[in-house]
Amino acid sequence: MNAIDKVIARINELSRKNKTVGLTPEELVERDELRRQYLNNFKSNFRNQLDTIKWAEDEENGENGGGSVKH
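The structure reproduced in this document is the subject of the present report. (Residues numbered from 1 in each chain as written. Predicted model: local features only at pLDDT ≥ 70, side-chain atom pairs only at ≥ 80, totals over all residues. Heavy atoms only, no water.)

**So, the packing of helix 1 (residues 3–20) against helix 2 (residues 25–51)**
The interhelical angle for the contact between helix 1 and helix 2, taken along N-to-C directions, is 140 degrees, at an axis separation of 10 Å. Looking at the two axes, helix 1 sits oblique to helix 2. Every pair of crossing elements has a handedness; the one defined by helix 1 and helix 2 is left-handed. Seen from helix 1, the contacting residues are I4, V7, I8, R10, I11, L14, K17 and N18; seen from helix 2, they are E27, E30, R31, L34, R35, Q37, Y38 and N41. Class assignment for the residues of the contact of helix 1 with helix 2 results in seven nonpolar, three polar and six charged. (Axes fitted to C-alpha atoms, helices over the stretch in contact; angles between N-to-C directions. Helix = DSSP H or I, 4+ residues; strand = E, 2+ residues; numbered from the N terminus. Parallel < 35°, antiparallel > 145°, perpendicular 65-115°, else oblique. Left-handed = near helix turned anticlockwise from the far one by under 90°. Contact = heavy atoms within 4.5 Å. Nonpolar A, V, L, I, M, F, W, Y, C, P; charged D, E, K, R; others polar.)

Listed below in structure tokens is the structure:
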């Protein structure tokens, strides 16, 4: 299990606990931090995927000089 899987497992655990007995103030802070970590990881992975996309039109015109596009 990698680090992000552990973050997701803990978020889910806190979510289940919140639905049943509620969370302590410390757990609320932990949940918010874990959610922030998850979203930052998601955004980073998504941006990396976008950065690797090659436009077919650019390839046809030979305009893809190997550079990366910043979004």
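What follows continues from the structure just given.
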